[in-house]
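# Coordinates in review
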Amino acid sequence: MLKVPGFPDLPTPALRLDIDRDALIANWRALNDLSGAARAGAAVKANAYGLGARQVVPLLHEAGCRDFFVAHWREAAELADLADPASIAVLHGPLNDGDVAFAHASGVVPVLNSLAQAKRWAEAGGGRCHLMVDTGMNRLGVSLTELGNEAVQALDIDVLLSHLVSAEEETDLNARQCARWNEARGAVRHLRASLANSGGIALGPDYHGDLTRPGIALYGGVPRSEMAPLLRQVVRPQAAVLQVHEVPAGETVGYNATFVAPHAMRVGTIAIGYADGYLRCWSGKGVFHADGLHLPVLGRVSMDMTVIDLSAAPNIREGDWVTAEYALPDAAAVSGLSQYELLTMLGRRFGR
Ligand SMILES: *Cc1c(COP(=O)(O)O)cnc(C)c1O
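A brief report on the enclosed structure follows. Treat the numbers as computed from the prediction; the structure is a model and nothing was measured.

### Some words on the environment of Met 227
Turning to its location among the elements, Met 227 is positioned in the loop between strand S10 (211–212) and strand S11 (235–247). The buried category is assigned to Met 227, whose relative accessible area is 1%. A sequence separation of 193 residues divides Met 227 from Leu 34, and the C-alpha atoms of the two residues are 9.7 Å apart. Apart from the residues within four sequence positions on either side, Met 227 is in contact with Leu 31, Leu 34, Ser 198, Gly 199, Ala 202 and Val 222.

### Side note on the packing of aromatic side chains
The full count for this structure, using the stated rule, is six aromatic pairs. Ring centres 6.1 Å apart and planes at 75° place the aromatic pair Trp 73 and Phe 102 in the edge-to-face group. Here Trp 73, found in helix H4 (residues 73–77), pairs with Phe 102, found in helix H5 (residues 97–106); they are 29 residues apart in sequence, far enough to count as distant. Taking relative accessible area as the criterion, Trp 73 reaches 10% and is therefore assigned buried. Look at Phe 102 and you get partly exposed, because its relative accessible area is 29%. On the numbers, 6.2 Å between centres and 40° between planes, the contact of Trp 282 with Tyr 326 is tilted. With Trp 282 in the loop between strand S14 (265–270) and strand S15 (287–290) and Tyr 326 in the loop between strand S18 (321–324) and helix H10 (328–335), the pair connects residues that are 44 residues apart, well separated along the chain. By way of ring pairs, the aromatic residues Tyr 278, Trp 282, Phe 288 and Tyr 326 are connected into one cluster.

### Quick notes on a nonpolar patch on the surface
Residues Leu 2, Val 4 and Phe 7 make up a contiguous nonpolar surface patch of about 340 Å² in total accessible area. Positionally, Leu 2 belongs in the segment before strand S1 (15–19).

### A few points about the pattern of salt bridges
The tally for this structure, following the rule as stated, stands at nine salt bridges. In this structure, Glu 170 and Arg 224 form a salt bridge, with 2.3 Å as the shortest nitrogen-oxygen distance. Here the residue Glu 170 occupies a position in the loop between strand S8 (156–161) and helix H8 (172–187), and Arg 224 occupies one in the loop between S10 and S11, the gap between them amounting to 54 residues. We classify Glu 170 as exposed; its relative accessible area is 67%. Judged by its relative accessible area of 6%, Arg 224 falls in the buried class. Note that Arg 349 is salt-bridged to Asp 304, the shortest N-O span being 3.0 Å. Highlighted residues: Arg 349 in the segment after helix H11 (339–344) and Asp 304 in the loop between strand S16 (293–298) and strand S17 (306–309), separated in sequence by 45 residues. By relative accessible area, which is 40% here, Arg 349 ends up partly exposed.

### What about the site of the ligand?
With respect to spatial proximity, 13 residues lie near the ligand, and among them Lys 45, Tyr 49, Ser 198, Ile 216 and Tyr 340 are the closest. For the ligand, an oxygen atom lies 2.8 Å from a polar atom in the backbone of Ile 216. A distance of 2.6 Å is found between an oxygen atom of the ligand and a side-chain nitrogen or oxygen belonging to Tyr 340. Within the complex, 92% of the 380 Å² of free accessible area of the ligand lies under protein. Here the residues of the shell around the ligand are counted per class, giving seven nonpolar, four polar and two charged.

### Thoughts on the nonpolar core
What tends to happen in soluble globular proteins is that the nonpolar side chains get buried as a cluster. Among the nonpolar cores identified, the biggest contains 86 residues, and Val 44, Leu 60, Leu 131, Tyr 219 and Phe 288 are the most heavily contacted of them. Taken domain by domain, the makeup of this core includes at least three residues from each of domain 1 (21–223) and domain 2 (235–344). Apart from the residues within four sequence positions on either side, Phe 288 is in contact with Ile 270, Ile 272, Tyr 278, Leu 293, His 294, Leu 295, Val 297, Ile 308, Val 322, Thr 323, Ala 324 and Glu 325.

### With respect to the pairing of S1
Of the two faces of S1, the one holding Leu 15, Leu 17 and Ile 19 is buried and the one holding Arg 16 and Asp 18 is not buried anywhere. Where S1 lies against S11, five bridges are found, and the strand directions are antiparallel. What sits directly across from Arg 16, in S11, is Gln 238.

Procedures and definitions
- Residues numbered from 1 in each chain as written.
- Predicted model: local features only at pLDDT ≥ 70, side-chain atom pairs only at ≥ 80, totals over all residues.
- Heavy atoms only, no water.
- Helix = DSSP H or I, 4+ residues; strand = E, 2+ residues; numbered from the N terminus.
- Buried < 20%, exposed > 50% of the residue type's maximum accessible area, 1.4 Å probe, protein only.
- Contact = heavy atoms within 4.5 Å.
- Phe/Tyr/Trp six-rings, centres within 6.5 Å; stacked < 30°, edge-to-face > 60°.
- Patch = residues over 30% accessible without salt bridge, like charges linked within 9 Å, V, L, I, M, F, W, Y side chains within 5 Å.
- Areas by Shrake-Rupley, 256 points an atom, 1.4 Å probe, with all protein chains shown as cover.
- Salt bridge = Lys/Arg side-chain N within 4 Å of Asp/Glu carboxyl O.
- Near = heavy atom within 4 Å.
- Polar contact = N/O pair within 3.5 Å; in protein donor to acceptor, adjacent residues only side chain to side chain.
- Nonpolar A, V, L, I, M, F, W, Y, C, P; charged D, E, K, R; others polar.
- Core = buried A, V, L, I, M, F, W, Y, C linked by side-chain atoms within 4.5 Å.
- Domains from an automatic or database assignment.
- Pairing = 2+ DSSP bridges.

So, to be careful, I would describe these as geometric facts and stop short of saying anything about function.
Next up, the structure:
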């Protein structure tokens, strides 16, 4: 990267994620309490669901979290200086000998997902690991019938985990997966057992085991409506106003002229677009706020910019900041995106 004399830092971003640290910590504590006798860990994969894992991990660690889950080995490497490597687990498991060597050298713990991974781990010397059992997802994990295999029986397993298919729904599948997970607990030696993701925590003590693995709910997502009173919004995307101008009656705004001004309007062009994860589904639907005022999106969202109606906010000027309406359950209902997509798509250009 170019080092410009006199500028030790990069230029200030014109869009940023306002992250409510107190709300993040309060959400982890609420989920830890709701986990009863079990302890809550944290899913921090995908850059902590887009929030910025290097910011999130120290806050959760401070709150008392001691188990962090990422998907990729690279994600673990990016966090291993922030928490005990033995507290970081890689859900994808070791795909090749390089991953196994990295685990052994760093102390990051693999989640073994198949007999092949169990053998690969054992042949390279083994050691403490986690084991994923498939109880119905049919995605990753050893099957119940494979648990008797000697490669599995010989493992030194810390967490025996499985993953719920539909924790946010009322379905018989939850109880069926819970029963299969209990069967697995009786079939293989392990130190701790874990089943529940965010939604699963609300299914009650049968689902808690020793460790729960919330992700979305930490970050303000609400997987089950009864959890809403416990959880606070954490993330608010904010963008700077690049330009303020007047649109005459009858003129159109943005690509493909989907908005026609019914009367002369004061509008603002803001520095956020679909390349930042503020997708075109927000065209004509999204709302921003400044000083409690309601500023609707006009016309199509572009790649790097969005135009908003400033009629209600005559005092907003270029350089001021506006905040997207982004409470996850509501934003999901309006946009048609999942609460997970709404977070994980937030792009690299945000200051975090
Ligand atoms: C992502 C993930 C979680 C967290 O799920 P949420 O629904 O976000 O709470 C937990 N466990 C596993 C195995 C995961 O992949």
